[in-house]
Amino acid sequence: MKKTVIKGIAFVVIFVISLVVISMVANQGNGDMTAPMPAASLPTMAIVEDGQEINQMYGYTMQMDTADMRESITPIKTARQINAVVHGYGTEIAGVSYELRSIDGSRLIENTELTGTQEGDDLYLSFRLKDLMKEGEEYSLIFLVNLDESRQVRYYTRVIQADYYLTEKLDFVTSFSDATFDAEVFAEKGYAKKLETNSDGDNSSFAHVDIHCTSSQVTWGSLDVTRIEKPQIWVKEIAPQTASFVLSYPVSYTEGGGQVSASVTEYYRVRYTGDTMYLLDYERTATQYFMEKSSRFTESGLQLGITDKNVVMKESDGGNVFAFVQAGALYVYNSADNRLARLHSFRDEDNDDLRARYENHSYEVLQVDETGNVTFLVYGYMNRGRHEGECGVSVCYYSSTLNVTEEMVFIPYNKSAGLLKADLETLSYVNGKNDLYLMVDGNIWHIGLEDKSSEIVVSGISTAGCRVAENDSMLVWQKDLKDYGSTLEFMNLNSGKLTELKAGEGNFIQALGFMGEDLIYGIASAEQVQEDAVGNQLFPMHQIRIQDFEGNILKSYEQAGVYVTGCRIEENQISLERISLVDGKVTELSEDQILYNDEIPESKNYAETASTQETENIIRIVLNSVPDAKKVKILTPKEVIFEGSREIVLNGEEDQNRYYVYGQYGVIGIEKDPAAAVRRAYEAAGAVTDEAGRYLNKRDRLHSSNQIMAIDGDYADNERSSLAVCLDTIFQYEGMVKNSSSLLAAGQ
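What you are looking at is a predicted structure, and each value in this text was computed from that prediction instead of being measured.

A count of helices and strands for the protein gives 9 helices and 52 strands. Within the protein, the fraction of its 748 residues that count as buried is 53%. Across the protein, contacts joining residues at least 24 apart in sequence account for 55% of those joining residues at least 6 apart. With the model as given, the accessible surface of the protein reaches about 34,900 Å², and the carbon-plus-sulfur share is 47%.

Before going further, it helps to spend a moment on the pairing of strand 17 (residues 277-288). Bridge analysis of strand 12 (residues 208-210) against strand 17 gives 3 bridges, and the strand direction is antiparallel. Looking at strand 17, one finds that H208 is bridged to T285. With 11 bridges joining them, strand 16 (residues 258-272) and strand 17 adopt antiparallel strand pairing. Across the sheet, E266 pairs through a bridge with R284, a residue of strand 17.

As paired strands, strand 8 (residues 116-119) and strand 9 (residues 122-128) are joined by 4 bridges and run antiparallel to one another. By the bridge assignment for strand 9, T117 is matched with Y124. Counted between consecutive antiparallel strands, the loop separating strand 8 from strand 9 contains 2 residues, among which G120 sits at a positive phi close to 65°.

What follows deals with the side chain of E110. Tracing the sequence through the fold places E110 in strand 7 (residues 108-114). Separated by 3.1 Å, the side chains of E110 and T112 make a polar contact. Aside from chain neighbours lying at most four places away, what touches E110 is Y98, E99, L100, R128, L129 and K130.

Among the residues making up helix 7 (residues 674-683), those that are buried are P674, A675, A676, A677, V678 and A681. Where helix 7 begins, the side chain of D673 points an oxygen toward the backbone nitrogen of A675, at a separation of 3.1 Å. Within two residues after helix 7, A685 carries a phi angle of roughly 50°, on the positive side.

What follows deals with the environment of N203. Among the structural elements, N203 can be located in the loop between helix 3 (183-188) and strand 12. As a C-alpha pair, N203 and C213 span 10 residues in sequence and 6.0 Å in three-dimensional space. Every residue in contact with N203, bar those within four places of it in the chain, is listed here: C213, T214, Q217 and E616. A polar atom in the side chain of N203 sits 3.0 Å from the backbone nitrogen of T214.

Counted under the stated rule, the structure contains 32 salt bridges. Here R658 makes a salt bridge to E691, at a shortest N to O gap of 4.0 Å. Of this pair, R658 sits in the loop between strand 48 (638-640) and strand 49 (659-662) while E691 sits in the loop between strand 51 (687-689) and strand 52 (695-698); the two residues are 33 residues apart in sequence, bridging distant segments of the chain. The same class applies to R658 as to E691, namely buried. It is possible to trace a salt-bridge network through shared partners that takes in R70, E138, R158, E237 and K698.

Moving on to helix 6 (residues 417-424). Among the 8 residues in helix 6, 6 count as buried, and that is most of the element. Those residues of helix 6 that are buried lie in contact with strand 25 (374-381), strand 26 (391-399), strand 28 (428-430), strand 29 (435-440), strand 49 and strand 50 (667-671).

Okay, the environment of M62 next. Secondary-structure assignment places M62 in the loop between strand 3 (52-58) and strand 4 (73-76). Residue classification places M62 among the buried residues on the basis of a relative accessible area of 15%. Expressed as a C-alpha distance, the spacing of M62 and C391, which sit 329 residues apart in the sequence, is 8.0 Å.

Quick notes on the rules
- Residues numbered from 1 in each chain as written.
- Predicted model: local features only at pLDDT ≥ 70, side-chain atom pairs only at ≥ 80, totals over all residues.
- Heavy atoms only, no water.
- Helix = DSSP H or I, 4+ residues; strand = E, 2+ residues; numbered from the N terminus.
- Buried < 20%, exposed > 50% of the residue type's maximum accessible area, 1.4 Å probe, protein only.
- Contact = heavy atoms within 4.5 Å.
- Areas by Shrake-Rupley, 256 points an atom, 1.4 Å probe, with all protein chains shown as cover.
- Pairing = 2+ DSSP bridges.
- Polar contact = N/O pair within 3.5 Å; in protein donor to acceptor, adjacent residues only side chain to side chain.
- Salt bridge = Lys/Arg side-chain N within 4 Å of Asp/Glu carboxyl O.

Here it is in structure tokens:
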């Protein structure tokens, strides 16, 4: 009997030991299959102007479309001298050369090897461009840095041979920025008088400050803010009088008795007349870096601190799990398990240099389920990791059970991150069958995440030419790819089914938007649709309908003699902009509303503004359930390592009739109609370029007087007709840069 008991105990002990050994082996195997994101390895570059670094450049390991690389511009004087620096960060540099190309990249003007002076990890370059540039014309300058026999990294900027008072403008901008940290200096230098303080300014939050705020708000009020590093400076646009600059730097300040840090970005638009500097526009945003500590969880919610009130977030159906974006990082919180995980970030406690903090990427949360799994996109410039130095879309999946993140697909993109963002913000959706739908370069793509397939659903549409439901599950576009026409294509992205909506004989139809997943559209008589000589459109809709995908008309709005020209959609209310139209005469009428009876689901976790005495208004996320802050687990998932490539190259025809609108920080829109693009750029004091990077419109300067003798003429040639030359000359004098030849060829 005793021997039997001993044998039984021995068997149990051996069984337990076996389980432990197997578990250790299994865990060791899993450890080998995952790893943290590798540190950044590529050097950075900058132009050196009067001893100051400007126009910082981050390296690309893929060849980009030169016409779209508009991150910065450097004016050079008649000597064409350029000074630059390569910051190696410990990486050995084998050689450096440069290419000077036409703005569209098609014509190589100069290709030269460079030698420099090594100072520690930094390589300083000084060279003179050849006398092959046309004064006042922009060119692409590409630095090619060889790291070893197999790795070549490209750095992009623009140059223009012109004396545009860069030194004077740069001195003003940097001095103004420095003075924002000292209210007395700010007042002494007269900067307070350059503000346009009025009721348009929001003086309740440091997250967004502009030229209309008080000088106290611009100088951080009573908050003791310290700039941690010198600012990175980019010259975005420059002309004889005007220039636009963007500055970026980290700051620190006290919050709740402890030190926190934030990323600050400043935008300046200035005008210099030779004796006076004018501040035309100023804007500053601050985004606090999220502190991954349990103390951020309180009874009132998850404290984000100083940040934009429009928090990017998505929750599961039950609201127990939600993902959110903060300061270039993506997180997920699972209330059931009381766990917070950082799903993706190029910046962390071990990687906090300029390369890690460079924010030229974005996130899109596609799916969040109740178990904590998240499907998401990382898109734009990849600061480090498997795709370091590439631009593209990384489709990732986070497994809550395994606490690992795995890349499902990578889609390379050879244009700027700004253009990619403009398209993906229009449409990015994945359904339950792992079918991914994206807008890229004016094409709607269907991508199979399981079989790595790709196909175009529709091509040649613009971001303004389609409408997408708020949850991205429904898509509608004009069949003839214009703003209006006879037929709408209505697609359910969950099922992949497509249906058509007809305007009816003698009518046109136009999509206005969605209320939930139900489509709002309008019907107008073809005879009443008008468009003036400059492209302003009047589309008077005599009937407005709300329709579901099955074809059921849920609501209809129609009044005799009243026409709708547009609408605003707010929660469950549609505000209609109305006119009367009698004998071609337009009279504006008061707005009317349509109340939508179907209940729009409310988020169980949501962002709200909270007032504090120390840091003014902050943002917090009100949680579905109050957590036990002391028991919150903070997780840092590793990445799954895999062999081979999961790359999908989208080989579709590019729409050549797309016009890129640039605003304060970069791309603000893409239009197929050049007139619409110019109007949008004018409102933003920005610029418009075509696919080849040529300006269609650019505001350069303002005139205080009109002197016809000041207009310098030019001559017609093979590229420009006499009419185009005349138009270009007039536009140039009025402070606008337009490509009249392209506009005339397009029938404008």
